[in-house]
Amino acid sequence: MTQEKEIVLQHPKDPSALLDVIRDVQTRLGHVPEEAVSRIAAHLKLSEAEVRGAVTFYHFFSLTPRGASTVYLNDSITSRMNGRTAVARAFEEEADCRFGEVSPDGRVGLSSTSCIGMNDQEPSAIVDGVVFTKLSPDKARAIVRGLRDGTPASGLVAEFGDGANQSSLVRAMVSNNIRKRGPVLFGPHEPGAAVRKAVSMTPEQVIDEVKKAGLLGRGGAGFPTGLKWEFCRREKAPERYVVCNADEGEPGTFKDRVVLTELPGLLFEGMAVAGYAVGARTGVLYLRSEYAYLRAHLEAVLAGLRKEGILGKRIAGSPKFSFDIVIKSGAGAYICGEESALLESAEGKRGEPRDRPPFPVQAGYLDRPTTVNNVETLATAARIVVEGAAWFKAMGTPKSAGTKLLSVSGDCARPGVYEVEYGLSIAELLDMAGAPEAKAVQVGGPSGTCVSKAGYQRKICFSDLPTGGSVIVFGPDRDIFEVVENFMEFFVEESCGWCTPCRAGNVLLKKKFEKVAHGKGTEGDLRDLEAWGKLVKATSRCGLGQTSPNPILTTMQNFPELYEARIQKGRDFVPEFDLAAAIQDGCAAANRRPACKEADHE
Amino acid sequence: MNDIRFTIDGKECLGKPGQTIVEAAKANGVYIPVLCHFEGLKPVGSCRICTVRVGGRFMAACTQPLIEGMAVENTAPDLEDMRKSLIEMLFVEGNHLCPSCEKSGNCELQALAYRYQLMAPRFPYLWPRRDIDASAPLLMLDGNRCIQCLRCVRACRAKDGRKVFAAVDRSHRVKIEVDKKLAAHLSEDQARRAMDICPVGAILRKETGFAVPIGRRKFDRAPIGSDVEKGTGR
């Protein structure tokens, strides 16, 4: 029996197992060869084209070999600000291949990847599932040499981070960097208390308490959690689901990483509480592939909770309520943080968003009513059930109750996770993080807002500056155009390609922006940027395209002087293509002297 | 069940529960341009040409079900310009050379470009490198002309239900692929249907062409949408 066949036959003949089979093949063979595609298709009764469609959708799957070991080097702006270029060059030199290629001996493949949730310790990379942080050119070389000598990636990690990162099931060099512990998520919590309290109430009372607390979704969209649970409960169905969105992919966010590392018990209790409230027996944790290094740790915590009767059959002394949790893995796609795309992916398909209606609360996971909630939201809900709505409501602002976890990174002295009350100003946050000279602050990641000094009195809350948690600080010497270019590259790469404005519009926006950034823009180009940005926002199908022009639009709004200075004022038209420069380059490449001088073309 | 009352650009209309805006508009003799939509297939809202505005919010009329009392804006100048922009985007992101295309005159993208009087696109041409796959016995797939409407993906299935066409890759690299094994066994009818359901010239029946000369084709006779507007649409 071939290896391919052996791997495929271990999985159930169920199309929803598609991503699990692909992952298994990818992990063991380093790619998904043609024979595996045929086997998988036959086993799951899918067409081979469909299987290829799923493989090629996800960043961490590949139809072609990516080396015996694969280095995925983070390409976020913060990584670049912390010396990514030199690290990338060291990887390339040592591996003797470029990014996107495999070393001549086939031992090491190099690949760039979108933000992996380590923005507080960049440059970082994932090598065969093992996270490497704070990379330097020397460390990069040592990794390649080690891999080439046959050392597994885990054997190349010399020191471990703090807290659970040191546990035998994690053993990661990741640091938590918890800079400020607030009263909600980091407050004292007795394990099991939330589930015990919930089952002593009626489901309606639990929903009511969460509604009264004014808990709004922490992933960024800010939908009232209690209302979502109520909608889900109201649907008549034989089965309902709780899905936890642990796919934080917004560049610059990493706060869920810390919750998953240090507070997984609280999170799982939150899922059980949600399950009790909506009437679900099963919870699904959709874990982003970048955090796969936490999976064994999370499984162990789940096993512990089952042993203590906090998960499983008739839990926490309830005669009727049973609830358990399974973990599903992502495979590298920002779009899967969008709840309906996440559900598609959890069902084993390409992570393409669904049309609404029906909403997930009506027809979600496996077409059943489903509440999809963010990691932080669920953990917060568990605390609300224990401490009560009034306790929670007393924190934050009237319309944004409670606290928020922020992931602060970039040019600041103390990058890391901060649990702060809503209503905190940017200035206060910069003070805490140690960034007195910040020139700009990106709140809410690329899809959020780039705030200039004039806006530092603005407050982090749903009515002013909402954020899923990403805060990136840019110091006085940073080029905002480089930042925007990086963000637009990110959106172009992460668009699922389904709808016209997001698929084509972002490419066109990026091209036009680059024209301006490279000093070849006019006032007309700025007008185009604005109009095209509004078009993409208005007509895109999901949240990705509805926010992807924000890096351009919010910097145009908050840094108009930078754009004014970059364009060629008073000129109607400047070509994107510089003919004179191209001729010079061409002549230089051919070792000829140009027949005429540059000025002759003007 | 009771009819749903709604308006399109102020015109009083009646629709049935469960109908989408596009379907109900058509039944009321109002044309909302569509490209990815095809009667009888589950709508997917991929092209966004049917974007309308309701209560200040933009939405795809092909996927949005009717709601009692909704006031749909369909022909506001800014909306029409957005649609024109989207058509232009589809032209520049692919390689559409109408004069040499077998689908000219039957092509819905071309027909919409005429309807919206597209002269030169406001966007720069991207001139992507796209493949032509002529490996299937009866069909050829020209990626240059594909607009990712997903009609073929939805409509064409093998006898056992497997999808003959599927989207592969993502972002601007996304493309429609034909399953080589399934394509080898397509019947003449299935191949015809695949070509006919493609709104552009991306899926063509091989070894035959130009049976109807250009000038006497569907949209040469009547512009796109005119059947709905004259009340002759089904």
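Chemist: Quick question: what am I supposed to make of the pattern of salt bridges here?
Modeler: A side chain with one charge can pair with a side chain of the opposite charge if their charged atoms come near. The tally for this structure, following the rule as stated, stands at 64 salt bridges over all chains. Among the salt bridges present, the one from Arg-52 of chain A reaches Glu-177 of chain B, with a minimum N-O distance of 2.6 Å. Taken as a pair, Arg-52 of chain A in helix 4 (residues 48–57) and Glu-177 of chain B in strand 9 (residues 175–178) lie in two separate chains rather than in one. Assessed through its relative accessible area of 28%, Arg-52 of chain A is described here as partly exposed. Note that Arg-173 of chain B is salt-bridged to Asp-169 of chain B, the shortest N-O span being 3.5 Å. Accessibility expressed as a relative area gives 23% for Asp-169 of chain B, which makes it partly exposed. Because the salt bridges share partners, they merge into one network encompassing Glu-493 and Glu-494 of chain A together with Asp-169, Arg-170 and Arg-173 of chain B.

Chemist: Is there a simple way to explain the pairing of strand 4 (residues 57–60) of chain B in this structure?
Modeler: Remark: a regular strand shows side chains that alternate across the two faces of the sheet. All names here are of chain B. In this structure, strand 3 (residues 51–54) lies alongside strand 4, joined through four bridges in antiparallel fashion. Across the sheet, Thr-51 pairs through a bridge with Ala-60, a residue of strand 4. Counted between consecutive antiparallel strands, the loop separating strand 3 from strand 4 contains two residues, among which Gly-55 sits at a positive phi close to 55°.

Chemist: Could you clarify how one ought to interpret the packing of helix 11 (residues 255–262) of chain A against helix 15 (residues 375–387) of chain A in this entry?
Modeler: Geometry of a packed helix pair, given as the angle between the helix axes and the separation of the axes. Residues and elements named next belong to chain A. For the pair helix 11 and helix 15, interaxial distance at closest approach is 9 Å and the crossing angle is 50°. Relative to helix 15, the element helix 11 is oriented oblique. In this structure, helix 11 contributes Lys-255, Asp-256 and Val-259 to the contact, and helix 15 contributes Val-375, Glu-376 and Ala-379. Here the contact of helix 11 with helix 15 is composed, by residue class, of three nonpolar, no polar and three charged.

Chemist: Honestly, the side chain of His-96 of chain B in this entry has me stumped. Any pointers?
Modeler: Residues and elements named next belong to chain B. Its place among the elements puts His-96 in the loop between helix 2 (77–93) and helix 3 (108–115). Polar contacts involving the side chain of His-96 include one to the main-chain carbonyl oxygen of Leu-90, which spans 3.2 Å. For His-96, the residues in contact, after removing those within four places along its chain, are Leu-90, Phe-91, Leu-109, Asn-144, Arg-145 and Ile-147.

Chemist: Explain the domain arrangement of chain A here, please?
Modeler: The figure often quoted for interface size is the accessible area lost as the parts come together. All names here are of chain A. Along its sequence, chain A is carved into domain 1 (3–57), domain 2 (69–162), domain 3 (179–393), domain 4 (403–474) and domain 5 (480–566). Summarising the inter-unit geometry, the C-alpha centres of domain 2 and domain 4 are found 29 Å apart. The partner domain 4 presents eight residues to the five residues of domain 2 that form the contact. For the domain 2 and domain 4 pair, buried surface summed over both sides reaches about 440 Å², with 73% attributable to carbon and sulfur atoms. Taken as a group, Met-81, Asn-119 and Asp-120 account for 71% of the area that domain 2 buries against domain 4, more than any other trio of residues on that side. Between the two partners, domain 2 and domain 4, sit zero salt bridges. For the side of domain 2 that touches domain 4, the per-class residue count stands at two nonpolar, two polar and one charged.

Criteria and cut-off values
- Residues numbered from 1 in each chain as written.
- Chains lettered and ligands numbered in written order.
- Predicted model: local features only at pLDDT ≥ 70, side-chain atom pairs only at ≥ 80, totals over all residues.
- Heavy atoms only, no water.
- Salt bridge = Lys/Arg side-chain N within 4 Å of Asp/Glu carboxyl O.
- Helix = DSSP H or I, 4+ residues; strand = E, 2+ residues; numbered from the N terminus.
- Buried < 20%, exposed > 50% of the residue type's maximum accessible area, 1.4 Å probe, protein only.
- Pairing = 2+ DSSP bridges.
- Axes fitted to C-alpha atoms, helices over the stretch in contact; angles between N-to-C directions.
- Parallel < 35°, antiparallel > 145°, perpendicular 65-115°, else oblique.
- Contact = heavy atoms within 4.5 Å.
- Nonpolar A, V, L, I, M, F, W, Y, C, P; charged D, E, K, R; others polar.
- Polar contact = N/O pair within 3.5 Å; in protein donor to acceptor, adjacent residues only side chain to side chain.
- Domains from an automatic or database assignment.
- Buried area = accessible area lost by both parts, 1.4 Å probe.

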